[in-house]
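Results of the structural survey
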Amino acid sequence: MKQIFKDFILKYVGYGESYIFAQNIYEKLKNISVYFKKYKKKCINSLDIFIRILVLYKENSTSECNESEIKTLARRIAVPITNKNTPLVSIIIPNKDGLKYLKVLISSLKMNTIYRNYEVIIVNNKSSNKLQKYFKKVNFNNLKCVYSYENLDFFDSINLGVQNSKGEYLVFLDNRTIPLYGWLSEMVRTFENQSNCGIVGSKLMYNCIGKRCIQYEGIKFNTYKEDINSYNLENYTSYSHDNYDEYEKEVPAINSYCMFTNREIFKQVNGFDTRLYFEKEDINYCLKVQAINKKVFISKKSLVLCKGFLTEIKTNNNELKMKNNDKYIYAKDLGKQLRQDIWEEKLNGKEFFWTESTLNIGFLVTEYSPYTTAGDLFSANGLGEELEKIFGYKTFYFPRMPIYEWDKIPQSIDVIISMRHDFDIRISDISSRTLKLAWIRGSIKDWLNKPWIYNYDGIITSSNIALKEARKVVGDDKCWGVVPLAVPPDTLKEKIDIERDIDISFVGNIFEVPRDIVRNLNLDKGFNFHFYGRLEGGMNHPWELYHKGVVKHKDLYKIYSRSKIVIEDTASFNKGTVNLRVFEAAACGALVIANETPGIEELFGENIIIYKNKEDLTQKIQYYLENEEERVKQAEKVREIVVNNHTFNHRAKEFKDIIDSVVLNEKKTI
């Protein structure tokens, strides 16, 4: 029984104080089982549950649970600097009424700073008399206090501290941090060992959430439409899994909880730009330093505990900055370049520095099922699969049914593409960082008459005719480009070698809306006609005898390969766009005969056979059924056009070119 609990405790909390605590509890409780031998199994389960509760309670309620383990780790991995000619380091700490934190910080500096040539500058912002009394009593020879009778914000305080410091090197510390053993020596070592190093940060540790104690190992970025948000690397991950043989790593940015730089660089870039939004000045400083070809590193052996959030200095000043329209989250030129770099990586990068992931694209579709008769899924899937294959993007599909997933889109989605005109994008929970696109492939008037069409960042259409109509409604800036429909390249690898035993086929849905094909197809001529799709009207419909039911999309290619002629019937509400079945039927070598379809010539020239009326359609069908060689020749001509120009491989590249032109070349406003 003891081994059961030992294995459980080690699995969940490892060795250390938590293990000792749980073990002691077990020893006190194990004798209970003696009195319940008859119910031993039940007792074991009860004790197991009890120990589990105690361990989890201990881990989450006691801040000392792993702090000693982290401190031990710091002592194990830190290496003292033996060189006696060490430059002076000025440690600058902004403070306002943070005496209880400051006492702990000063104590840890005295105990854990084995690098001896340093001074500490406390920038005291209108703090109480208690703090001044503390400074008079504290026994710290290299401590200096700079008083500000104006309540400066955090980064103004640092700038003031730098002005009153002497060190060649500068360290900025938040007053709620606890530097651990060897922290400064490791930062100095990284700065001096790495070529072109401009900034060094420590590995920040939470104080303390079980074994998941790393707060961050640097900062990376994600894009908003016009702005950028930062996030911590390795946040909440276990310090025990880290590789401490890796001495340091380059990162895009660090924060000012614990930041190391040198005076020359600080002066060259004019320190912290305090005109910017609060809490972004440190990242902006990193960008300025990188702009002069210096690098930012995390020293992985420099460990610093973090007791809380940023110091409580001058939050009122932040409110003033937010109201000032002349202030920016990042300096305009640096922010613009950073945004370009992030999008460049997401769109083109194989190695990621500024961000961690490639482009995440979501499609809003009617139904996510192989049995669906809604073609939007197949168009979305065709484009999505090729974007994944060619560029390594990640694609996701959010259906309306069978499970409604339109209400909340994950924040990780960079681009969301709506395939449905009746989706009110205003009511969906979509992150402000996500680009919202509409892909208009039909129902042009329905799309453009919706009030939420203006809430899209960009409009993509399947034809120039549709794009022209969209420009009349939403303007040129929102009209990003044309991405017609196509076929998956896999369908073109080889033609299906089966007999073409169907004279004429039509694949589509027949609803109450009148269709040209129903009026014009003369079935009295005895054609072997097959109709696949949904049929409204049942036995009262003239096509009921020819209805072969609904088929899976993957089976359509067999039907098209069995068909001599496929009729394209562009519905009135889709005029100006070309349907998916034109590309699919042509790819399978069937002859496509279409009603008058604006936009079809821009994709196929005059190679698609167009009929004008019932008599004309009947004559064309009879001619090509009787002249097989001519039919095959004409069908092959159109198939070659599809192979060379109209696969989703082509569309993926066209889509990427559009996104590139908007977000990288800034040809449009988003």
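This report concerns the structure included in the present document. These figures come from a predicted structure and were not determined experimentally.

Cut-offs and rules
Residues numbered from 1 in each chain as written. Predicted model: local features only at pLDDT ≥ 70, side-chain atom pairs only at ≥ 80, totals over all residues. Heavy atoms only, no water. Helix = DSSP H or I, 4+ residues; strand = E, 2+ residues; numbered from the N terminus. Contact = heavy atoms within 4.5 Å. Areas by Shrake-Rupley, 256 points an atom, 1.4 Å probe, with all protein chains shown as cover. Phe/Tyr/Trp six-rings, centres within 6.5 Å; stacked < 30°, edge-to-face > 60°. Buried < 20%, exposed > 50% of the residue type's maximum accessible area, 1.4 Å probe, protein only. Pairing = 2+ DSSP bridges. Axes fitted to C-alpha atoms, helices over the stretch in contact; angles between N-to-C directions. 1 Å grid on protein atoms, 1.4 Å probe; cavity = no way out; pocket = protein on both sides within 12 Å on 5 of 7 lines; lining within 4 Å. Points joined across faces, edges and corners; volume = space filled by probe spheres on them. Nonpolar A, V, L, I, M, F, W, Y, C, P; charged D, E, K, R; others polar. Parallel < 35°, antiparallel > 145°, perpendicular 65-115°, else oblique. Left-handed = near helix turned anticlockwise from the far one by under 90°. Core = buried A, V, L, I, M, F, W, Y, C linked by side-chain atoms within 4.5 Å. Salt bridge = Lys/Arg side-chain N within 4 Å of Asp/Glu carboxyl O.

Examining the overall build of the chain
Regarding its fold elements, the chain presents 22 helices and 23 strands. If you take every contact in the chain between residues at least 6 apart in sequence, the share linking residues at least 24 apart comes to 71%. Of the roughly 31,200 Å² of accessible surface on the chain, 48% is carried by carbon and sulfur atoms.

Quick word on the packing of aromatic side chains
By the definition in use, this model includes 26 aromatic pairs. Aromatic side chains Y368 and Y397 sit 5.8 Å apart centroid to centroid with 20° between the ring planes, which places their arrangement in the stacked category. Taken together, the residues span a long stretch of sequence, with Y368 in the loop between β13 (360–367) and α13 (376–391) and Y397 in strand β14 (residues 394–401) at a distance of 29 residues. Residue classification places Y397 among the buried positions, given a relative accessible area of 14%. For the ring pair Y404 and W406, a centre distance of 5.9 Å and an interplane angle of 55° mean the geometry is tilted. An aromatic cluster is built from F154, F155, F172, F266, F272 and Y285, whose rings are joined through pairwise contacts.

What about the sheet that holds β14?
Reading across the sheet, the 6 strands line up as β14-β13-β15-β16-β17-β18 and stay open at both edges, with parallel pairing between neighbours. Both outer strands of the open sheet, β14 and β18 (479–482), are each paired with one neighbouring strand and no more. Between one strand and the next, the sheet's axes are offset by a mean angle of 25°, whatever the strand orientation. Against the sheet, helix α22 (residues 648–664) makes contact with β13, β15 (415–418), β16 (435–440), β17 (458–461) and β18, and its axis sits at roughly 155° relative to β18, the strand it touches most.

Description of helix α8 (residues 183–193)
An α-helical turn contains 3.6 residues, so any two residues separated by three or four positions project in the same direction. Summarising burial for α8: 9 of the 11 residues are buried, a large majority. Those residues of α8 that fall on the buried side of the exposure criterion are W183, L184, S185, E186, M187, V188, R189, T190 and F191.

Digging into the layout of surface pockets
By volume, the largest pocket amounts to about 1,200 Å³. Forming the walls of the largest pocket are 48 residues, and the residues nearest its centre are T373, A374, G375, N509 and N579. Among the elements of the structure, β13, α13, β14, α14 (444–449), α17 (556–562) and α18 (580–587) are those that each provide at least two residues to the lining of the largest pocket. Considered class by class, the residues forming the lining of the largest pocket number 19 nonpolar, 16 polar and 13 charged.

Some details on the packing of helix α5 (residues 99–112) against helix α6 (residues 129–137)
Between α5 and α6, the shortest axis-to-axis distance is 11 Å and the interhelical angle comes to 20°. For the element pair α5 / α6, the angle class is roughly parallel. Handedness of the α5/α6 crossing: right-handed. Seen from α5, the contacting residues are L99, L102, K103 and I106; seen from α6, they are K130, L131, Y134 and F135.

What about the nonpolar core?
Core analysis: the biggest nonpolar cluster contains 72 residues, and V89, I91, I106, L109, V120, L184 and F260 have the highest contact counts within it. The contact partners of I91, leaving out residues within four places of it in the chain, are L109, Y118, E119, V120, I121, V171, L173, W183 and L184. Formed by 60 residues, the second largest nonpolar core is a distinct cluster that contains L383, L435, Y560 and F604.

A word on the packing of α13 against α22
Two elements in contact, α13 and α22, have axes whose closest approach is 8 Å; the angle formed by their N-to-C orientations is 75°. As summarised for this structure, α13 and α22 are arranged roughly perpendicular, according to the angle between their axes. Where α13 abuts α22, its residues F378, S379, G382, L383, E386, L387, I390 and F391 lie against F648, N649, R651, A652, K653, F655 and K656.

Observations regarding unusual backbone geometry
That bond from M401 to P402 is cis: its omega, 5°, falls within 30 degrees of zero. Examined against the element boundaries, P402 turns out to sit in the loop between β14 and β15. Even without being glycine, N270 reaches a positive phi, approximately 65°. Position of N270 relative to the elements: it lies in the loop between α9 (263–268) and α10 (281–291).

Here we look at the pattern of salt bridges
Per the counting criterion, the structure on display carries 22 salt bridges. Here R515 makes a salt bridge to D569, at a shortest N to O gap of 2.7 Å. Here D569 lies in the loop between β21 (563–568) and α18 and R515 lies in the loop between β19 (502–507) and α16 (516–520), a separation of 54 residues in the sequence. For R515, a relative accessible area of 12% translates into the label buried. A residue is classified by how much of its surface remains accessible, and D569, at 1% relative accessible area, is buried. Here D516 ties to R519 by a salt bridge, and the two come within 2.4 Å at their closest N and O atoms. Of this pair, D516 and R519 both sit in helix α16, 3 residues apart, which is roughly one turn of that helix.

Looking at the environment of S302
With respect to the secondary-structure elements, S302 resides in strand β12 (residues 295–306). For S302, a relative accessible area of 0% translates into the label buried. Separated by 100 residues in the primary sequence, S302 and S202 place their C-alpha atoms 5.0 Å from one another. Once you skip the residues sitting within four places of it in the chain, S302 turns out to touch W183, E186, M187, S202 and K203.

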